[in-house]
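# Architecture at a glance
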Amino acid sequence: MKKYFQFEELGTNYRREILGGLTTFLSMAYILAVNPFTLSLGDVPDLPESMRMDQGAVFVATALAAAIGSLIMGLLARYPVALAPGMGLNAFFAYTVVLTMGIPWEHALGGVMISGLIFIVLSLSGIREKIINAIPAELKYAVSAGIGLFITFVGAQNANIIVNDDAVLLGFGDLSDGNVLLAIFGIVITVILMTRGVKGGIFIGMVITAVAGMIFGLVGKPDAIVGSIPDVSPTFGAAFSAFGDSSFFSTQMLVVILTFLFVDFFDTAGTLVGVANQAGLMKDNKLPRAGKALLADSTATVAGAVLGTSTTTSYIESTAGVAAGARTGLAAVVTGVLFLIALFFSPLLSVVTSAVTAPALIIVGVLMVASLGKIDWTKFEIAVPAFLTILAMPLTYSIATGIAIGFIFYPITMIVKGKIKEIHPIMYFLFVVFVLYFIFLK
């Protein structure tokens, strides 16, 4: 095992890899609670049950997708990178695709599956590099920042920190509401933990918030800590049912699939490069075994869709494990095993409320908007599409709409600026797709 994971070459040992894998797990364990709550639209009252995914089934799908992805990444690509259903994409799945567009969640899972299959083809064919180079870096950064603002807004809205105001659309919540105060308390605690550099600060912040909620009677106490694994059958295989419905094959679903694919594709690439850089694994500014790493990510997405969860992607929280000493795929294997063990702790889902999850959503949003600093705002032809991409996501409550607006304006500003030769043909194709999106769907 030491030889396979190259312990000697990378200067590591079992202790460092196990500690790194544990640290990564604690840093991203919040997804086990946040993902089921998000995909089941747990914060939306009076919603038909047919629009809600079963929380227990999604919990199992989340844990299994994370385990499968992390194990493949660790064993095949041998990188200390863990995977799980992605933040932002789960919000897009639930709040945009299902709630706003009215697309059945079964169809949404079908879209995730197709995006994963396309990702596999791109990973195996070598087309990946061409697509990455076709889309300007500034738009990739803008998408990441826009998603950060979007999920922050979702978290604040879920906890009633931000509420509807007929006069000005939005306003501050009622500070006499115990759940609002609990959410604010959770944000303060999580910010303190993250500022102090505490490993797993987001997860620990959720735990402290839930405990405080139970003490003050705002959160119900769980009946047990350990229990049997929930039934995954309500969501398992549901993605396949979409292909038998003619309404699935539409321009609307094409945009949804492209959004799933685009965000996962570039989020994964950015995460892999970031983690590899921190771990000192880059060679000549290139990522060794990049194809295998991308294959692990895309395979996990397909597996997750079959099980019943939104897009599975590489987690930037893996950098916490690298900071703790992880350098090889063994750390990802450890994280994957811990996700399997977590399957037996489903009773704790009962303490997960919107006030408990809001701090996690908001802090993850803070981390994602860091990409704003990488955009060259002095170039107006770049600033306009980037800004509109970022702004449109929270204002229209749609990640897809933000991407569409940015990708429509980019060719326009670049052509007017006289930089037509810098526009890749793929960008023209996306321009047409998103124009049709607005013509037929908006």
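In the block above lies the structure referred to throughout.
Criteria and cut-off values
- Residues numbered from 1 in each chain as written.
- Predicted model: local features only at pLDDT ≥ 70, side-chain atom pairs only at ≥ 80, totals over all residues.
- Heavy atoms only, no water.
- Helix = DSSP H or I, 4+ residues; strand = E, 2+ residues; numbered from the N terminus.
- Buried < 20%, exposed > 50% of the residue type's maximum accessible area, 1.4 Å probe, protein only.
- Areas by Shrake-Rupley, 256 points an atom, 1.4 Å probe, with all protein chains shown as cover.
- Lys, Arg positive; Asp, Glu negative; His and termini not counted.
- Charge placed at Lys NZ, Arg CZ, Asp CG, Glu CD.
- Phe/Tyr/Trp six-rings, centres within 6.5 Å; stacked < 30°, edge-to-face > 60°.
- Pairing = 2+ DSSP bridges.

We now examine the overall build of the protein. When helices and strands are tallied, the protein shows 19 helices and four strands. In terms of principal-axis extent, the alpha carbons of the protein reach across some 65 × 60 × 45 Å. Among the 442 residues that make up the protein, the fraction classed as buried is 56%. With the model as given, the accessible surface of the protein reaches about 18100 Å², and the carbon-plus-sulfur share is 67%. Side-chain charges in the protein split into 23 positive and 25 negative, and the spacing between the mean points of these groups amounts to 16 Å.

Bringing the packing of aromatic side chains into the picture now. How two aromatic rings sit relative to each other is given by the distance of their centres and the angle of their planes. The tally for this structure, following the rule as stated, stands at eight aromatic pairs. Ring centres of F7 and Y14 lie 5.1 Å apart, and the angle between their planes is 65 degrees; this geometry places the pair in the edge-to-face category. A residue is classified by how much of its surface remains accessible, and F7, at 4% relative accessible area, is buried. Here Y14 falls in the partly exposed class, since its relative accessible area comes to 34%. Ring geometry for F248 and F249: centres 5.3 Å apart, planes at 85 degrees, overall edge-to-face. Of the residues examined, F248 reaches a relative accessible area of 2% and is grouped as buried.

Our next topic: the pairing of strand 2 (residues 162-165). Here four bridges tie strand 2 to strand 3 (residues 169-172), and the two strands are oriented antiparallel to one another. Paired with D165 across the bridge in strand 3 is L169.

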